[in-house]
Every structure is written in C-alpha cells, then in structure tokens.
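In case you want the letters, here they are:
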Amino acid sequence: MESKRQIISPLLIKNPVLIIGGFATVEEDFEPLVSELRSWCSPISILLPDGDMEIVIKKITCFLDSLGLEKIPVIGYSMGGRVALEIYRQKPDYFQQLICLSTRVLTDSFCIKKRGAFEKEVALKIIELDPETFFNWWYSLPLFAGYTPPQKSLQAKIRLGAKKLLEQFKRLSILKQPPFDPQFTQPVHFIYGQKDPLEKDMRDCFKDALHPIFQHTLPACGHLIHLEQPLQLAKLLKRILT
C-alpha cells in the first residue's frame, strides 16, 4: 500500500477524504489536486496496491481500519473509481459518499467485444514497447484529448516497469468485474472532463436511476481532470462534500 507519508495517527486527521489512484497512477499525479484540497480537508491519496480485486479491496479496507477511519468520503480516479464502487457494493456502510473521476462502468450498453480487443492491444503494447514508448502511445489515445502528464509524473510512471503495469491492467480489468448495479443508499457522483469521450458515453446511463446518482461535467479537460483542472475540480469536490 502506498500512501502519503505525513499520515501518522488518526488523531491528526481532520475531515479525511480518501483518494484512490487509477491505472499507472503515481503520487505525483495527485500533487496539484491535493494541494488545492488541503485548505478544507485532509486528503489521503493512495495508489492501487498489487493484486486482483479482492486482494486490493482487502488491502485498502485494512489500511483504513488501521487509521481508525470509517464512513469517510472516497474519491476514485478511473480504475480506482471502479475499485471504490466494488468496495461500496460489497461493504455499503464503509463510505459516506463516493465520487468517481473519469470512471467507466460496465452498463447494459457496454460493448464487451470491443473492450476485449482494446485490452488485448494495450497488453501487447506494454509487453512489446519500453515503458517510455508505451506511455507516449497511451497518452496519444482520444481518451486524453491531447493532454500529456508533466515530465515529473511521466518519469515516475516509467519507473513502475512493464511487469507492474501489465499485472495491474489485467488483474483489475473492467471485464473481470460484475455489471454496474446502482443500488446505492449514499450519494454517488460521477465527474468527467468535457473532452473525455466517456462524458458522452456515460451521460445517459444514470438519468433514470431511482438512487442518488449524479453526473457532473468539468469544462476544458479530458480524462486527466485532476492534472488539467485541479483548482476547478477541487472547487466542485468542495461543493459536493461540504
């Protein structure tokens, strides 16, 4: 489990908010957002631990238990949003509110065949390309709307290595998760960048939901909303959580 090193004791944590990273997320990715959030909450950012979904869930919940934290808001980015949703599904009393950033979910309109072909392509790229070349290709995808993370983040991602990238991508594949079942009692918010193709894909998925599901759009950004628009995202998160 990777977490911010300044977290020492539950007694020091006021207004905690958990942030779960996504595929190939590094701590450097969340520095701009965390900096904006600190004025009104105590953000605890963690990277996805190694393992399949069940192991990842166990590690995250054990981490929170070790800090004595329960019923706190959680923000999951992309793959981390799916992990948070699965924790919520299995342990509905664990979180106070759930916010998913740039998260795709397995809905009735989801094309499993198309996704399977995409995941095979990504896995092959991870295997065949060196990490630097892989990330050059990865961030050229339409999902990211022409935005590339800062060099500091890219270098940290490259250091992850191909083996870790491949294992994380395959073990936490959306194809290994159950279909999205919006049986929520606590509010769930989905936030997408205006330039992210997911914003349009997910727009109508929740409009008829009888449960407290909300979708928000952040202008002038793609999939990496926490890097592209950290200030605007922080303002939206504050409106949702306070």
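See above for the structure.
Residues numbered from 1 in each chain as written. Predicted model: local features only at pLDDT ≥ 70, side-chain atom pairs only at ≥ 80, totals over all residues. Heavy atoms only, no water.

Pulling in residues and values, what's your account of the packing of aromatic side chains?
Enumeration according to the criterion identifies 15 aromatic pairs in this entry. Ring centres of Phe134 and Trp137 lie 5.9 Å apart, and the angle between their planes is 40°; on these two criteria the pair is classed as tilted. Of the two residues, Phe134 and Trp137 are both situated in helix 5 (residues 131-138); the distance of 3 residues between them amounts to about one turn of the helix. When its relative accessible area of 1% is taken as the criterion, Phe134 is described as buried. Judged by relative accessible area, which is 17%, Trp137 ranks as buried. Measuring from ring centre to ring centre gives 4.7 Å for Tyr139 and Phe144, while their planes differ by 65°; the resulting arrangement is edge-to-face. A single burial state applies to Tyr139 and to Phe144, both of which are buried. Ring-pair connections join several aromatic residues into one group, and the members of that group are Phe23, Phe118, Phe134, Phe135, Trp137, Trp138, Tyr139, Phe144 and Phe169. (Phe/Tyr/Trp six-rings, centres within 6.5 Å; stacked < 30°, edge-to-face > 60°. Helix = DSSP H or I, 4+ residues; strand = E, 2+ residues; numbered from the N terminus. Buried < 20%, exposed > 50% of the residue type's maximum accessible area, 1.4 Å probe, protein only.)

Before we move on, can you summarise the packing of helix 1 (residues 27-37) against helix 10 (residues 230-241) with the specific residues and values?
With their axes 9 Å apart at the nearest point, helix 1 and helix 10 run at an angle of 45° to one another. Between helix 1 and helix 10, the interaxial angle falls into the category oblique. In the crossing of helix 1 with helix 10, the sense of the turn from one axis to the other is right-handed. Of helix 10, the residues touching helix 1 (which contributes Pro32, Leu33, Glu36 and Leu37) are Pro230, Leu231, Leu233, Ala234 and Leu237. (Axes fitted to C-alpha atoms, helices over the stretch in contact; angles between N-to-C directions. Parallel < 35°, antiparallel > 145°, perpendicular 65-115°, else oblique. Left-handed = near helix turned anticlockwise from the far one by under 90°. Contact = heavy atoms within 4.5 Å.)

How would you summarise unusual backbone geometry if you had to cite specific residues and measurements?
Of note, Asn15 is a non-glycine position whose phi angle comes to about 50°, a positive value. With respect to the helices and strands, the residue Asn15 is situated in the loop between strand 1 (2-3) and strand 2 (16-20). For Asn15, a relative accessible area of 54% gives the class exposed. Despite not being glycine, Ser78 has its phi angle at roughly 55°, a positive value. With respect to the helices, strands and loops of the structure, Ser78 is situated in the loop between strand 4 (72-77) and helix 3 (79-90).

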